[in-house]
Amino acid sequence: MSEQNHEGEMMKKWLARPEVQDALSRTARSVMAYARTKSLSPAFLSQEGGWHEGRDDIWEDIRSELILFILENRSGIQKILISGNRNSHHYLRKAFINHWIEKTRKPLEDPQRYLYKHAADVLRNSDAFHTFSKRNRALTFSMGSDSLPIPPLSEEDMREVRFPDQSLAYESVNKKKVLLELAACFLNQVSKMWGKKAVCVELRDFVTWIGRHVAITQPVPVRESRWGEDLLALVPDRSSTTDDICFDPDQVKKWACHFSNRLGEKERAVFMLRHCQHLSLRDIAGKLGYKGSSGPKYPLDRAEDKLRFFLSDLPWLSPGDLNKEAFALFHDTLCEESAIGNEGWAMASFNESRHVVYGQTQIKKEKNAMYSRKQALARAKRYRTCPSAHIADHLDHEAEMRRHLDICPYCSLPDHSAQVMEDQRNWENLTKLIQDILPPTLGRADQEVPLSGQLRHIRSDLGGWRDGYFYNPPLVLVLEEDGGHSGEILVAQTYHDSCLAALGDLILSPDQTGADELFVECWNTYIIDASSLDSLAGEIRHDILEGVRKLQEDPVAHLEQMIQPKPLTADDSRIHFRELEAEVSGRFRNLIKPKLSDSYQ
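Residues numbered from 1 in each chain as written. Predicted model: local features only at pLDDT ≥ 70, side-chain atom pairs only at ≥ 80, totals over all residues. Heavy atoms only, no water.

1. Examining the overall build of the chain
Turning to step 1, where the next piece is worked out: Helix and strand counts for the chain come out as 23 helices and 14 strands.
Turning to step 2, where the next piece is worked out: Residues counted as buried form 56% of the 601 residues belonging to the chain.
Turning to step 3, where the next piece is worked out: In the chain, once contacts between residues fewer than 6 apart in sequence are set aside, the share between residues at least 24 apart is 75%.
Turning to step 4, where the next piece is worked out: Accessible surface computed for the chain: about 27,100 Å², of which carbon and sulfur atoms make up 49%. (Helix = DSSP H or I, 4+ residues; strand = E, 2+ residues; numbered from the N terminus. Buried < 20%, exposed > 50% of the residue type's maximum accessible area, 1.4 Å probe, protein only. Contact = heavy atoms within 4.5 Å. Areas by Shrake-Rupley, 256 points an atom, 1.4 Å probe, with all protein chains shown as cover.)

What follows is the structure, given as structure tokens:
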């Protein structure tokens with residue numbers, strides 16, 4: 001029997017297994033629920049039109065498509081799924097959703113996707129613009145051949161780009177002359193955001209920008225992110241999910257309790273005396289037994305830093321989305337929780353948030369809201385510090401899970417948390433069953449010596465709890481291998497959502513990593529023992545590795561043809577992301593042999 005026939009017989013037997021059929025069905029139902037919420041068209045499944053009321057059997061067509069996807073992409077997903085890392089199910093889920101999106105991108109089935117195709121043709125045939133199409137990258141365009149590639153724009157970026165004519169109709173926008181004028185206007189404004197540098201922008205961002213200002217016949221789906229949005233369906237950006245939305249007073253109260261639970265005893269006492277009773281540092285020192293006014297300053301600074309980080313991505317309470325009524329409720333609940341009083345809120349940036357009546361406040365939705373950095377930050381917080389389903393379900397972690405639910409604003413959302421966990425369980429189970437039939441082609445970590453330029457996960461068994469958070473092991477890039485045979489190597493931490501990259505981070509494409517798109521945190525390096533690493537997940541060229549070293553020395557160094565992140569701005573979510581990444585690296589740095597026996601218990 002030939003090898004191909006042998007594999008075919010193995011696959012038939014695998015598909016016939018009851019547990020495989022059950023896993024495929026459960027996963028297909030999860031995909032159906034997700035696709036409906038994102039308005040993804042099921043037309044490519046041979047379904048006429050869109051989602052129909054009462055049509056719950058579409059999941060069967062999704063299951064068939066999922067099977068075909070697994071069979072057709074077997075070699076492509078093999079490297080990821082055999083790595084042994086417990087987060088590999090995220091890759092499979094993201095890859096299938098992106099497969100769905102590509103299948104539905106056909107003219108006339110969706111006006112926005114038709115506009116995308118038409119704009120691409122117009123720009124390609126224009127002498128004023130240059131278009132670029134690289135494998136595994138979206139189509140991009142610029143006004144010069146020598147331009148700086150940049151990441152996809154976020155919701156925050158898009159708000160800064162002014163539309164020149166609010167009276168334009170869809171038919172007018174499709175005219176060649178109008179499209180070329182709009183493209184030039186769009187590029188010029190984005191260029192200013194990148195320090196007036198000539199930039200190369202994704203075409204889909206240009207089309208999305210038009211869709212925010214021009215009426216389109218059908219609803220426009222929220223844009224998918226190639227790096228993070230499909231990895232974890234975290235807390236939605238509630239300010240952009242419905243036309244008019246009211247803040248949830250009960251949820252705001254819960255978040256106040258979660259924040260109070262995050263504070264240590266001294267931090268809570270100092271924080272409440274300062275911000276609920278307006279006491280001076282001298283008076284606080286007297287009340288709490290400090291020798292001088294400098295005594296309570298450190299715990300106060302710590303508590304205020306925790307507050308800024310905690311609120312940085314929450315709807316109604318974070319910069320840019322602050323609702324005074326919601327914040328006043330948050331403040332008063334926090335003071336009541338600590339039984340200190342509720343006479344006022346002294347933080348300068350929130351002085352005007354007091355003396356309001358609680359009720360239902362409407363917040364205007366941004367038209368055709370995109371993926372925001374705030375959403376990316378929320379996903380990053382959960383991806384880094386929330387336990388996966390196999391941890392949350394385990395009896396050994398029951399006490400820690402109770403502690404985690406007391407402080408986590410994401411996992412404590414009952415309906416959303418249950419949905420996310422169920423979706424994760426389904427993809428985890430399916431991924432494990434697929435791994436059973438994939439013959440390993442790469443050696444295990446204990447059979448390989450880590451070499452510079454390799455991408456490897458820190459071993460999944462080294463993840464663990466601290467202060468109510470479960471720190472999930474990151475993917476790292478080996479910068480310097482063990483030259484002295486001590487077992488210790490230098491690594492740089494990486495992350496997969498380039499929406500959160502800033503100056504000093506090196507964004508790499510799938511072609512450059514051999515795995516998936518990610519960015520290297522050149523500023524975030526540490527020593528780790530080679531035995532702490534899992535098997536090979538990808539590898540970068542040594543010339544790119546040299547670029548990492550250049551950015552270590554100079555975060556604003558220009559690297560030819562490398563994607564350039566947007567400079568940081570005030571109240572930028574990426575500032576809080578870097579705080580998170582520093583916390584994660586602090587958890588895993590210095591994993592060397594003498595400490596492995598007592599680490600992460």
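2. Points about the sheet that holds strand β14 (residues 533-539)
Turning to step 1, where the next piece is worked out: Spatially, the 6 strands line up as an open sheet ordered β12-β13-β11-β10-β7-β14, and their pairing is antiparallel. The open sheet is flanked by β12 (505-508) and β14, the only strands paired with a single partner. Strand-to-strand twist across the sheet, computed as the mean angle between neighbouring axes with direction ignored, equals 45°.
Turning to step 2, where the next piece is worked out: For strand β7 (residues 454-458) and β14, the ladder comprises 4 bridges, and the chain directions are antiparallel. The partner of Q454 across the bridge, within β14, is E539.
Turning to step 3, where the next piece is worked out: Across the face of the sheet, helix α21 (residues 542-553) comes into contact with β10 (475-480), β12 and β13 (518-529) while running at roughly 90° to β10. (Pairing = 2+ DSSP bridges. Axes fitted to C-alpha atoms, helices over the stretch in contact; angles between N-to-C directions.)

3. Things to note about the state of the cysteines
Turning to step 1, where the next piece is worked out: In this structure the tally under the stated criterion is 1 disulfide.
Turning to step 2, where the next piece is worked out: The partner cysteine of C276 in its disulfide is C335, sulfur to sulfur 1.9 Å. Taking the torsion about the sulfur-sulfur bond, which here is approximately -85°, the covalent link between C276 and C335 counts as left-handed. Here the residue C276 occupies a position in the loop between α12 (265-275) and α13 (281-288), and C335 occupies one in helix α15 (residues 324-338), the gap between them amounting to 59 residues. Both residues of the pair, C276 and C335, belong to the buried class. (Disulfide = S-S within 2.5 Å.)

4. Concerning the packing of aromatic side chains
Turning to step 1, where the next piece is worked out: Inspection of every chain in the model, using the stated rule, returns 20 aromatic pairs.
Turning to step 2, where the next piece is worked out: Between F186 and F206, the aromatic rings sit 5.6 Å apart at their centres with planes inclined by 55°, giving tilted as the arrangement. Of this pair, F186 sits in helix α9 (residues 176-193) while F206 sits in helix α10 (residues 203-213), and the two are 20 residues apart along the sequence.
Turning to step 3, where the next piece is worked out: Note on F206: relative accessible area 1%, which makes it buried.
Turning to step 4, where the next piece is worked out: Aromatic pair Y495 and F577: ring centres 5.1 Å apart, planes at 55°, arrangement tilted. In this pair, Y495 sits in strand β11 (residues 488-495) while F577 sits in helix α22 (residues 573-588), placing the two residues 82 residues apart along the sequence. (Phe/Tyr/Trp six-rings, centres within 6.5 Å; stacked < 30°, edge-to-face > 60°.)

5. Comments concerning the confidence of the model for the chain
Turning to step 1, where the next piece is worked out: Mean pLDDT over the chain: 79, with 76% of residues reaching 70 or higher.
Turning to step 2, where the next piece is worked out: Taken element by element, the predicted model of the chain shows its lowest mean pLDDT in strand β6 (residues 362-364) (44) and its highest in α9 (96).
Turning to step 3, where the next piece is worked out: Predicted confidence for residues 218-245 stays below pLDDT 50, and this span has 101 contacts to residues more than four positions away or in other chains.
Turning to step 4, where the next piece is worked out: Note that residues 594-601 has pLDDT below 50 and, in this model, 11 contacts with residues that lie over four places away or in other chains. (pLDDT = per-residue confidence, 0-100.)

6. Points about α9
Turning to step 1, where the next piece is worked out: When the terminal C-alpha atoms of α9 are compared, their 26 Å separation across 18 residues agrees well with the 26 Å that a helix rising 1.5 Å per residue should span.
Turning to step 2, where the next piece is worked out: Most of α9 is tucked away: 13 of the 18 residues are buried.
Turning to step 3, where the next piece is worked out: Backbone geometry just after α9 places G195 at a positive phi near 75°. (Expected span 1.5 Å × (residues − 1).)

7. Quick word on unusual backbone geometry
Turning to step 1, where the next piece is worked out: Backbone geometry places H278, a non-glycine residue, at a positive phi of 60°.
Turning to step 2, where the next piece is worked out: Note on placement: H278 falls in the loop between α12 and α13.
Turning to step 3, where the next piece is worked out: One non-glycine residue with positive phi stands out, namely D571, at about 55°.

8. Remarks on the nonpolar core
Turning to step 1, where the next piece is worked out: Among the nonpolar cores identified, the biggest contains 39 residues, and F186, L203, F206, W209 and I210 are the most heavily contacted of them.
Turning to step 2, where the next piece is worked out: Where this core is concerned, the elements lending two or more residues are α6 (111-124), α8 (170-173), α9, β4 (199-202) and α10.
Turning to step 3, where the next piece is worked out: For this core, the element with the highest residue contribution is α9, accounting for 11 residues.
Turning to step 4, where the next piece is worked out: With near-sequence residues (within four places) excluded, F186 lies in contact with F141, L153, M158, V161, V201, D205, F206 and W209.
Turning to step 5, where the next piece is worked out: Grouped together as the second largest cluster of nonpolar side chains are 32 residues, F259, L263, V270 and F327 included. (Core = buried A, V, L, I, M, F, W, Y, C linked by side-chain atoms within 4.5 Å.)

9. Focus on the pairing of β12
Side-chain direction in a regular strand flips from residue to residue, so the side chains alternate between the two faces of the sheet.
Turning to step 1, where the next piece is worked out: Across the two faces of β12 the burial is the same, with D505 and I507 and L506 and L508 all buried.
Turning to step 2, where the next piece is worked out: As judged from the 4 bridges shared by β12 and β13, these two strands associate in the antiparallel manner. Each bridged residue has a counterpart across the sheet, and for D505 the counterpart in β13 is E521.

10. Brief notes about the packing of α6 against α9
Packed helices, taken two at a time, are described by their axes: the angle between them and the distance between them.
Turning to step 1, where the next piece is worked out: Orientation of α6 relative to α9, taken along the N-to-C sense of each, is 85°, at an axis distance of 10 Å. Classified by the interaxial angle, the pair formed by α6 and α9 is roughly perpendicular. Contact residues: L115, H118, A119, V122 and L123 in α6; K176, L179, L180 and A183 in α9.
Turning to step 2, where the next piece is worked out: Across the contact of α6 with α9, the residue classes break down as 7 nonpolar, 1 polar and 1 charged. (Parallel < 35°, antiparallel > 145°, perpendicular 65-115°, else oblique. Nonpolar A, V, L, I, M, F, W, Y, C, P; charged D, E, K, R; others polar.)

11. Quick look at the pattern of salt bridges
Turning to step 1, where the next piece is worked out: Tallied over the entire structure, the rule returns 26 salt bridges.
Turning to step 2, where the next piece is worked out: Put simply, D121 and R124 hold a salt bridge, and the shortest N to O gap is 3.5 Å. Taken together, the residues D121 and R124, both in helix α6 and 3 residues apart, mark about one turn of the helix.
Turning to step 3, where the next piece is worked out: A residue is classified by how much of its surface remains accessible, and D121, at 32% relative accessible area, is partly exposed.
Turning to step 4, where the next piece is worked out: Judged by relative accessible area, R124 falls into the partly exposed class, the value being 45%.
Turning to step 5, where the next piece is worked out: A salt bridge links R204 to E202, with the nearest nitrogen and oxygen atoms 3.8 Å apart. Grouping residues by exposure puts R204 and E202 together as buried.
Turning to step 6, where the next piece is worked out: Because the salt bridges share partners, they merge into one network encompassing D157, E160, R373 and K566. (Salt bridge = Lys/Arg side-chain N within 4 Å of Asp/Glu carboxyl O.)

12. A word on the side chain of R384
Turning to step 1, where the next piece is worked out: Tracing the backbone through its elements, the reader meets R384 in helix α16 (residues 373-385).
Turning to step 2, where the next piece is worked out: The exposure class assigned to R384 is buried, which follows from its relative accessible area of 2%.

13. Quick word on α22
Turning to step 1, where the next piece is worked out: Relative to the 22 Å expected for 16 residues at 1.5 Å per residue, α22 spans 23 Å between its end C-alpha atoms, a close match to the ideal helical length.
Turning to step 2, where the next piece is worked out: When we look at burial in α22, the residues that qualify are S573, R574, H576, F577, L580, E581, V584, S585, R587 and F588.

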